[in-house]
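Survey of secondary and tertiary structure
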Amino acid sequence: MALLKRSAWYDTARNNSWTPKYVSFEELYPRELSDIFDLPLEEWEKFDEPYKDTFRDYVHVQREKDAYAYSIRSALERSKLYDVAHPGWRNLVKAHYGGVSIVEASAAILQGRFARFSKSPAMRSICVLGMLDEIRHAQIHFWFAYEHIRKDPQFDWAIKAYHTKNWVAISVIHMLDDLEQRDVVSSTIMTNLIFEVAFTNLQFIALSADAERSGDHTFAHFLQSIQTDEARHSQICLPVIRMMMRNGKKAEAQEVMDIAFWRMYRIFALVSGNAMDYGTPLHARERSFKEFMQEFVVTQFERQIVDLGLDRPWYWDIFLRDIETFHHQQHIGIWLWRCTLWWDDCAGVTAPERAWLEEKYPGWSRTYGRLWDVIAENVAEGRLEKTIPQAGALICNMSQLAMSGQCGDEWDVKDYYLDHEGKRYHFASEVDRWIFTRNPDRYKDYPSFTDRELAGEIPEGLHGFLTFMGLQPGYDTGTCAHGYSWIKDYYPKEAAE
Ligand SMILES: [Fe+2]
Ligand SMILES: [Fe+2]
């Protein structure tokens, strides 16, 4: 039997709208879940996805992709790559699995909500395939991560991380809920445009380049297999943004984008910035975090938003300064608080690494470098207890990350606070505070780590603190990835002893 060409039946198959008989249209597509901007229904009917796909073609391509990624994995498992990998790299992979696996699973739910609540039949159809993408991403993450669990219990955090009150998990969940728990229009801009177009490129393409150079071909192919899906389904947002622009909703689209961009950026700076500038072995670093940001986010993303008729976020200058500073500040805190992590953290400050940092970030030595000098001295003198903070950090009520600022001569540490309904909220930046003011009711009741501490929710002492975060001291708590061997560049005699 001859098969019809796809173009002959595609439009009919995806236009599956009908007039509901038992409930009203508004009940079927509630405003707060579908479209808070009240875009006209005729506009939704015109939605035309930028790429066409059918279930048959989709399954065919995905099956091949999966088969390829899994075959590379089994070949490389036999080569024992993991056992000989650089500790920095091994831990970067662990941090990635814990940080990203469940996020993929949550993206499947999000695409499922688009498939249910979008007012456009074409968007609903294509989002079903987006949902299948994300289910595959979550499963492939779990599958690859759990391959290593026999050797290292920290890989268990691929599933565990977001079921705990670990501070990294709390911070990511707060950001993700903010982006994903909105109506279809806002969420597609916040996740497809910001998360997937602007930032997963960075994590997946840049990190896969570093993976290739580190000799970890499994991880490189694994990332590429996912990124090809992300690059495709991220385009789902484009017709929606154009619809907003045609209907006089530019300011609304801009605000949604500005909120999501900053929130995503700060988390990525923490995760990818740390991985690229400190965790990746020096010989494998293709570019610095700042250079990757400049290429993938500043140049490529900026071009895209201008094409769409949107403007750069109002805080663009703050952002450009931030990509040179924020992740260095956070890295010091992350390493000092290494026992609260599900991976062993790389200090990444041997003499050649410091030279690289100074070259990529002129002034690094006189700011962050001098703090590392103090840390190194404490390590060399055997005063490890002095390298673990004795008091919790002040946490930003938006990012849920420790407040940090510039140290050294360019001292710039500031609490951007706001008093609201009798309570004082603390923010790590002007932008975090601005986001709060857009919708205080959305954010005001969320307890930060500091709030939880003050409310007595967290048991006393380091042991209680770690247990609260789901860690088992001495079993899966993080430590220095290199067993402090990096101090030999500072104190060769002490290191030998
Ligand atoms: Fe994904
Ligand atoms: Fe995605």
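In this text, all values refer to a predicted model and were calculated from it rather than measured experimentally.

1. Thoughts on the overall build of the protein chain
What the protein chain contains, in helices and strands, is 24 helices and two strands. For a compact globule of 497 residues, the expected C-alpha radius of gyration is about 23 Å, and the protein chain comes in at 24 Å, within 12% of that figure. Referenced to the eigenvectors of the C-alpha coordinate spread, the extents of the protein chain come out at roughly 80 × 60 × 40 Å. Taken across its 497 residues, the protein chain has 42% of its residues classed as buried. Relative to all contacts within the protein chain whose residues are 6 or more apart in sequence, the contacts with residues 24 or more apart total 76%.

2. Quick notes on the confidence of the model for the protein chain
On average, the protein chain scores 90 in pLDDT, and the residues at 70 or more come to 98%. When pLDDT is averaged over each helix and strand of the protein chain, the minimum, 73, is found for helix α24 (residues 492–496) and the maximum, 98, for helix α20 (residues 430–438).

3. Structural notes on the nonpolar core
Nonpolar side chains in soluble globular proteins tend to end up buried together. Grouped together as the largest cluster of nonpolar side chains are 108 residues, with contacts concentrated most on Ile189, Ile194, Met257, Ala260 and Met264. In terms of residue count, helix α14 (residues 250–279) provides more of this core than any other element does, 16 residues in total. Excluding its chain neighbours within four sequence positions, the residues that come into contact with Ala260 are Leu179, Ile189, Met190 and Ile194. Trp335, Ala347, Trp372 and Val379 belong to the second largest nonpolar core, which has 16 residues in total.

4. Description of helix α7 (residues 87–117)
In an α-helix there are 3.6 residues to a turn, and that puts residues three or four apart on one side. In this model, α7 (31 residues) spans 45 Å end to end at C-alpha, consistent with the 45 Å of a helix rising 1.5 Å per residue. Along α7, the largest kink reaches about 30° and is centred on Tyr97. Of all 31 residues that make up α7, 23 are buried, and the element is covered over most of its length.

5. A short note on the packing of helix α10 (residues 167–180) against α14
Packing of α10 against α14 leaves a shortest axis separation of 10 Å and a crossing angle of 155°. Relative to α14, α10 is oriented roughly antiparallel. Here α10 runs over α14; the crossing is left-handed. Counted together, Ser171, Val172, Met175, Asp178 and Leu179 of α10 and Ala260, Arg263 and Ile267 of α14 form the full contact between these two elements. Across the contact of α10 with α14, the residue classes tally to five nonpolar, one polar and two charged.

6. With respect to the packing of helix α18 (residues 351–360) against helix α19 (residues 364–380)
Contact pair α18 / α19: the axes reach a minimum separation of 9 Å and the direction vectors enclose 140°. The angle between the axes of α18 and α19 places the two elements in the oblique class. Together, Arg354, Leu357 and Glu358 of α18 and Trp364, Ser365 and Gly369 of α19 make up the contact between the two elements. Residue composition of the contact of α18 with α19, by class: two nonpolar, two polar and two charged.

7. So, unusual backbone geometry
Within the chain, Asp38 stands out as a residue other than glycine whose phi angle is a positive 50°. Structurally, Asp38 can be placed in the loop between α3 (31–34) and α4 (41–45). Given 11 C-beta atoms within 10 Å, Asp38 falls into the exposed group. Although it is not a glycine, Gln400 adopts a positive phi angle of roughly 65°. With respect to the secondary-structure elements, Gln400 resides in the loop between α19 and β1 (418–420). In this structure Gln400 comes out as buried when scored by C-beta crowding, with 25 C-beta atoms within 10 Å.

8. Thoughts on α10
Between its first and last C-alpha atoms α10 spans 20 Å; for 14 residues at 1.5 Å apiece the expected length is 20 Å, and the two agree. With eleven of 14 residues buried, α10 lies mostly within the body of the structure. Taken together, the buried positions of α10 are Trp167, Val168, Ala169, Ile170, Ser171, Val172, His174, Met175, Leu176, Asp178 and Leu179.

9. Some words on the environment of Glu410
Within the fold, Glu410 resides in the loop between α19 and β1. C-beta crowding within 10 Å serves as the criterion here: with 11 such atoms nearby, Glu410 is assigned to the exposed category. Expressed as a C-alpha distance, the spacing of Glu410 and Arg383, which sit 27 residues apart in the sequence, is 29 Å.

10. Remarks on the environment of Tyr29
Here Tyr29 lies in the loop between α2 (25–28) and α3. In this structure Tyr29 comes out as buried when scored by C-beta crowding, with 20 C-beta atoms within 10 Å. Along the primary structure Tyr29 and Arg116 are separated by 87 residues, whereas in three dimensions their C-alpha atoms are 8.6 Å apart. Once residues lying within four places of it in the same chain are set aside, the contact partners of Tyr29 are Ser34, Phe117 and Lys119.

Definitions and limits used
Residues numbered from 1 in each chain as written. Chains lettered and ligands numbered in written order. Predicted model: local features only at pLDDT ≥ 70, side-chain atom pairs only at ≥ 80, totals over all residues. Helix = DSSP H or I, 4+ residues; strand = E, 2+ residues; numbered from the N terminus. Rg over C-alpha atoms; globule rule 2.2 N^0.38 Å. Buried ≥ 20, exposed ≤ 12 C-beta atoms within 10 Å, placed from the backbone. Contact = placed C-beta atoms within 7 Å. pLDDT = per-residue confidence, 0-100. Core = buried A, V, L, I, M, F, W, Y, C linked by C-beta atoms within 7 Å. Expected span 1.5 Å × (residues − 1). Bend = angle between axes of the 7 residues up to and from the residue. Axes fitted to C-alpha atoms, helices over the stretch in contact; angles between N-to-C directions. Parallel < 35°, antiparallel > 145°, perpendicular 65-115°, else oblique. Left-handed = near helix turned anticlockwise from the far one by under 90°. Nonpolar A, V, L, I, M, F, W, Y, C, P; charged D, E, K, R; others polar.

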